[in-house]
Amino acid sequence: MCTRGRQHCPRQGFAVTSGYENARRAAYMSLFNTVRNTIVPVHKEGYPFIAAFFVASLILGWVFKPLFWIGLILTLWCVYFFRDPERMTPQDDDLVISPADGKVSSVQMVIPPAELNLGSEPMLRISVFMNVFNCHVNRAPMRGRIVSVNYRSGSFVNAELDKASEDNERNGLVIETVHGQIGVVQIAGLVARRILCWANANDPLDAGERFGLIRFGSRLDVFLPAGASPRVTLGQTAVAGETVLAEFGSAKGPVVSRRS
């Protein structure tokens, strides 16, 4: 044991210093991991828009300084809009997972669009409306193989309206699953002017896998064959790749919800 004072005890001083440095390093790494886990990746499709917003902010700020801050806020919104977070998707072939973030705007029996070639009988349609603050990366609702990809030009009315499914510009995928063919339709909205789909016919898809994106407000329709029971209700918030929209082979029937 050292009795000559701390300045004469190099080993003890080293131990104290090392303990302090380790604690500080651990605190730094904890903060770094917290920040890293909080920051959500941005999809590459958003890079040109983010750059354009930022350059416009600099130009406007040179003309009139307060405009720079307005432009910077819009740039940060653009970063937020094109976020592409990781999602934990249930891997169960009986479950239909939401292909989009947003509000469930329709749960009803509807005849599918003709270009999908899914027949003329009504199918269960579940619609998810995305506003300009939702994540707009689209994900496959079920595991399967893409049978066809069908683009149709159209108008740009409010995607929350029911007639948007018939009148608006849209892009439809037909996916062959263990429960038969399902339809997934990307619908442009009032502000949306660009539907992106990087999936092709004959491509395999896993449930929750990214297949497209719609810029600036839109809607996704999912058409399901007989045997699917809804697991969401109107007005419910859906999370792409995580929320269960419907289930096959269940005798439970539709979900009953209570607003609180």
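From a predicted model like this one, the values you see are computed outputs, not experimental measurements. (Residues numbered from 1 in each chain as written. Predicted model: local features only at pLDDT ≥ 70, side-chain atom pairs only at ≥ 80, totals over all residues. Heavy atoms only, no water.)

### Details of the overall build of the chain
Then, in step 1: On a plain count of helices and strands, the chain comes out with four helices and 14 strands.
Then, in step 2: For the chain, the proportion of its 260 residues judged to be buried stands at 43%.
Then, in step 3: Here the analysis covers contacts within the chain between residues at least 6 apart in sequence; of these, 70% occur between residues at least 24 apart.
Then, in step 4: Working note: accessible area of the chain is about 14500 Å², and carbon and sulfur atoms make up 60% of it. (Helix = DSSP H or I, 4+ residues; strand = E, 2+ residues; numbered from the N terminus. Buried < 20%, exposed > 50% of the residue type's maximum accessible area, 1.4 Å probe, protein only. Contact = heavy atoms within 4.5 Å. Areas by Shrake-Rupley, 256 points an atom, 1.4 Å probe, with all protein chains shown as cover.)

### Topic: the pairing of strand β7 (residues 180-188)
Then, in step 1: Counting buried residues in β7 gives seven out of nine residues, a clear majority hidden from the surface.
Then, in step 2: Direction of pairing for strand β6 (residues 170-177) relative to β7: antiparallel, over a ladder of eight bridges. Each bridged residue has a counterpart across the sheet, and for leucine 173 the counterpart in β7 is valine 184.
Then, in step 3: Taken together, the six bridges between β7 and strand β11 (residues 218-224) define a ladder with antiparallel strand orientation. Bridged to isoleucine 187 within β11 is arginine 219. (Pairing = 2+ DSSP bridges.)

### A closer look at the packing of helix α2 (residues 47-63) against helix α3 (residues 65-81)
Then, in step 1: Orientation of α2 relative to α3, taken along the N-to-C sense of each, is 170°, at an axis distance of 6 Å. In this view, α2 runs roughly antiparallel relative to α3, as classed from their interaxial angle. Here α2 contributes Phe49, Ile50, Phe53, Phe54, Ser57, Leu58, Leu60, Gly61 and Val63 to the contact with α3, which in turn contributes Lys65, Leu67, Phe68, Gly71, Leu72, Leu74, Thr75, Trp77, Cys78 and Val79.
Then, in step 2: Considering only residue class, the contact of α2 with α3 consists of 14 nonpolar, four polar and one charged. (Axes fitted to C-alpha atoms, helices over the stretch in contact; angles between N-to-C directions. Parallel < 35°, antiparallel > 145°, perpendicular 65-115°, else oblique. Nonpolar A, V, L, I, M, F, W, Y, C, P; charged D, E, K, R; others polar.)

### Here's the deal with the sheet that holds strand β2 (residues 102-110)
Then, in step 1: Reading across the sheet, the eight strands line up as β9-β5-β6-β7-β11-β3-β2-β13 and stay open at both edges, with antiparallel pairing between neighbours. Either end of the sheet is taken by a strand with one partner, and the two such strands are β9 (204-205) and β13 (237-238).

### Quick look at the sheet that holds strand β12 (residues 228-230)
Then, in step 1: A sheet is described by the order of its strands in space; here three strands give the open sequence β1-β14-β12, paired in antiparallel fashion. At either margin of the open sheet sits one strand with a lone partner, and together these are β1 (95-97) and β12. Neighbouring strand axes in the sheet, compared pairwise and without regard to direction, differ in orientation by 30° on average.
Then, in step 2: Sheet topology note: the β1/strand β14 (residues 244-248) ladder contains three bridges and is antiparallel. Within β14, the position partnered with isoleucine 97 by the bridge is valine 244.

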